[in-house]
Amino acid sequence: MTSRFLDEDHELAHLEFTPGQPGGSQAVNLPILQGTLGPSVLDIRQLYNETGCFTYDPGYTSTASCESKITFIDGEKGILLHRGYPIEELAEKSTFLEVAYLLMEGELPTHKEFQPFDQSITLHSMLHEQLRNFYSGFRRDAHPMAIMVGVVGALSAFYHDSLDIRDPQQRMIASHRLIAKMPTIAAMAYKYSIGQPFMYPQNHLGYAENFLYMMFSTPTAPYVVNPIVANALDKILILHADHEQNASTSTVRLAGSSGANPFACMAAGIACLWGPAHGGANEAVLNMLKEIGHKDRIPEFINRAKDKDDSFRLMGFGHRVYKHYDPRASVLRKACYEVLGELGHQRDPLLDLAKELEKIALEDPYFIEKKLYPNVDFYSGIIFQAMGIPSSMFTVIFAVARTVGWIAQWMEMIEDPSQKIGRPRQLYTGHNLRHYSPFSERKP
Ligand code: ACO
């Protein structure tokens with residue numbers, strides 16, 4: 001491209017560029033789209049038709065893949081809004097199920113609207129009894145995320161009456177089933193891994209309470225859920241509920257764009273979330289803190305993170321979108337102090353280590369220059385550990401929360417009349433045309 005200028009009066013961008021192929025320079029006018037908030041967006045849908053060129057953007061660093069009304073992030077200012085409401089207000093004043101309703105329906109519910117939704121989630125929380133057999137096919141030492149990918153995908157084999165994505169009623173039932181059953185599936189994955197009997201959900205318990213009950217109770221003794229732990233979990237679920245077009249949500253949208261059923265799409269989202277660069281980071285943060293072990297070793301790990309020849313990264317630091325403090329990390333940092341205090345873990349050595357690491361990193365020119373701030377995963381692992389949740393379940397809980405965002409985004413996509421199958425193009429740098437030769441003619 002040789003030049004670019006924005007013609008704001010006409011809401012058109014005028015691009016002039018010289019393609020590598022013969023034909024000289026080309027010019028094209030592209031519409032500029034303006035959202036409610038956020039940067040302008042160049043509409044390049046006609047670019048290929050008009051110029052024969054594609055755009056190149058690995059990792060989608062400058063590409064809006066869809067139009068959405070659900071979540072807004074300003075990464076420079078550290079702002080996160082769900083349907084317009086700041087995450088800080090939702091985390092402080094709302095509940096996870098209310099946020100789920102908000103994300104899916106677009107508005108906070110009235111009491112009358114919320115009751116049937118709450119009731120529907122409660123009544124869908126049990127799993128088809130035959131699904132219990134499915135678990136025994138996994139090795140005992142299977143990672144719970146591996147089990148989640150398998151079992152959530154397998155829901156499509158059990159709930160045939162909610163697979164028709166063109167039917168709004170079936171879409172709604174599938175959505176309620178997914179939100180309701182995720183905690184049950186997750187708790188069963190944990191119980192299976194430790195060899196304890198599965199516990200059925202309890203209809204009188206709230207969403208977070210029920211999950212804790214299914215994870216920690218046994219048939220042999222009464223179990224009372226600690227309200228401090230349940231409240232903390234509910235807040236963590238709110239903080240992880242949605243985050244616009246992140247990797248796993250984009251995966252869900254891409255899988256769904258072919259018309260795949262919602263259970264298969266959620267399994268795809270879980271698979272993507274598992275990666276350590278995404279949802280797997282909270283488990284990785286705790287492992288890293290344990291590996292560092294003592295604050296005297298922090299400089300060694302900071303130096304490793306800065307070394308281009310070392311693949312080590314400071315887990316829980318950096319974000320594709322946030323170039324400022326992740327607002328979810330700010331809420332979690334505060335919650336972390338409160339919860340650890342309430343649970344009597346004021347002097348948690350990992351929290352002390354995390355605080356020191358954060359302080360040193362935030363003063364280091366490398367992290368300042370690259371705008372690497374703690375992200376949501378930096379503190380969640382420490383709270384989870386204080387709550388007695390094993391590290392292999394951290395990403396699973398993230399998946400339980402994010403299911404709501406995946407569903408809201410999937411529903412929005414299906415209901416969008418301009419929705420098409422997602423089909424990116426490529427910059428091909430492989431061989432030119434060549435012809436098959438038999439073994440005898442191939443050079444060694
Ligand atoms: N430690 C050290 N250096 C880092 C880190 C880190 N955690 N994160 C980014 N950098 C450096 C990179 O080496 C790169 O340096 P360079 O410009 O010299 O090449 C620069 O900062 C930009 O990093 P990218 O990887 O290009 O940024 P990207 O937006 O692609 O990646 C990501 C964002 C994946 C989150 C990255 O910061 C990372 O790997 N962080 C650690 C893992 C983590 O905490 N993930 C959770 C993200 S939040 C979530 O998914 C809920």
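### Some words on the overall build of the chain
So, step 1. Along the chain, the regular secondary structure elements total 18 helices and 7 strands.
So, step 2. In terms of C-alpha radius of gyration, the chain reaches 24 Å, essentially the compact-globule figure of 22 Å for 444 residues.
So, step 3. If you line up the chain on its principal axes, its C-alpha atoms span 80 × 65 × 60 Å.
So, step 4. In the chain, which comprises 444 residues, the proportion classed as buried is 46%.
So, step 5. At a minimum sequence separation of 6, the contacts of the chain that also span at least 24 residues come to 68%.
So, step 6. When the accessible surface of the chain is totalled, it reaches about 23,100 Å², and 53% of it is carbon and sulfur.
So, step 7. Across the chain, the 41 positively charged side chains and the 50 negatively charged ones have centroids separated by 6 Å.

### Observations concerning the site of the ligand
So, step 1. Near the ligand you find 21 residues, and of these R313, L314, G316, R320 and K370 are the closest.
So, step 2. Interatomic distance of 3.2 Å between a backbone N/O atom of A277 and a nitrogen atom of the ligand.
So, step 3. Separating an oxygen atom of the ligand from a side-chain N or O atom of K370 is a distance of 2.8 Å.

### Section: the environment of A157
So, step 1. For A157, the position within the fold is in the loop between α6 (144-154) and α7 (168-194).
So, step 2. Classification of A157 by relative accessible area gives exposed; the value is 52%.
So, step 3. C-alpha separation for the pair A157 and L131, spaced 26 residues apart in sequence, amounts to 9.7 Å.

### Overview of the pairing of strand β2 (residues 12-17)
So, step 1. Only one face of β2 is buried: it carries A13, L15 and F17, and the other face, with L12, H14 and E16, is open.
So, step 2. With 6 bridges connecting them, β2 and strand β3 (residues 26-33) associate as antiparallel partners. Looking at the pairing, E16 lines up with A27 of β3.

### Regarding the packing of aromatic side chains
So, step 1. Under the counting rule described, the total for this entry stands at 16 aromatic pairs.
So, step 2. Here Y101 and F117 contribute two aromatic rings whose centre-to-centre distance is 5.4 Å and whose plane-to-plane angle is 80 degrees, an arrangement assigned as edge-to-face. With a gap of 16 residues between them, Y101 in helix α3 (residues 96-105) and F117 in helix α4 (residues 111-123) connect regions that are remote in the sequence.
So, step 3. When its relative accessible area of 11% is taken as the criterion, Y101 is described as buried.
So, step 4. Look at F317 and F367: their rings are 5.7 Å apart centre to centre, the planes differ by 75 degrees, and that puts the pair in the edge-to-face class. With F317 in the loop between α13 (298-306) and α14 (327-342) and F367 in helix α16 (residues 365-369), this pair connects stretches of sequence that are 50 residues apart.

### Brief notes about empty space enclosed by the protein
So, step 1. Tallied over the full model, the rule gives 2 cavities of 30 Å³ or more.
So, step 2. There is about 50 Å³ of room inside the largest cavity.
So, step 3. Considering the residues around the largest cavity, the lining is formed by L127, E129, R132, T184, M188, F198, M199, Y200 and P201.
So, step 4. For the lining of the largest cavity, the per-class residue count stands at 6 nonpolar, 1 polar and 2 charged.

### Some remarks on the side chain of R402
So, step 1. With respect to the helices, strands and loops of the structure, R402 is situated in helix α18 (residues 394-415).
So, step 2. Lacking a salt bridge, the buried R402 has D242 as its closest oppositely charged neighbour, with an N-O distance of 5.0 Å.
So, step 3. Dropping the residues within four chain positions of it, R402 is found in contact with H240, A241, D242, H243, N246, S248, T249, H278 and R328.

### Quick word on helix α17 (residues 376-386)
So, step 1. The element α17 is largely enclosed, with a buried count of 10 among its 11 residues.
So, step 2. Listed as buried for α17 are V376, D377, F378, Y379, S380, G381, I382, I383, F384 and A386.

About the cut-offs
- Residues numbered from 1 in each chain as written.
- Predicted model: local features only at pLDDT ≥ 70, side-chain atom pairs only at ≥ 80, totals over all residues.
- Heavy atoms only, no water.
- Helix = DSSP H or I, 4+ residues; strand = E, 2+ residues; numbered from the N terminus.
- Rg over C-alpha atoms; globule rule 2.2 N^0.38 Å.
- Buried < 20%, exposed > 50% of the residue type's maximum accessible area, 1.4 Å probe, protein only.
- Contact = heavy atoms within 4.5 Å.
- Areas by Shrake-Rupley, 256 points an atom, 1.4 Å probe, with all protein chains shown as cover.
- Lys, Arg positive; Asp, Glu negative; His and termini not counted.
- Charge placed at Lys NZ, Arg CZ, Asp CG, Glu CD.
- Near = heavy atom within 4 Å.
- Polar contact = N/O pair within 3.5 Å; in protein donor to acceptor, adjacent residues only side chain to side chain.
- Pairing = 2+ DSSP bridges.
- Phe/Tyr/Trp six-rings, centres within 6.5 Å; stacked < 30°, edge-to-face > 60°.
- 1 Å grid on protein atoms, 1.4 Å probe; cavity = no way out; pocket = protein on both sides within 12 Å on 5 of 7 lines; lining within 4 Å.
- Points joined across faces, edges and corners; volume = space filled by probe spheres on them.
- Nonpolar A, V, L, I, M, F, W, Y, C, P; charged D, E, K, R; others polar.
- Salt bridge = Lys/Arg side-chain N within 4 Å of Asp/Glu carboxyl O.

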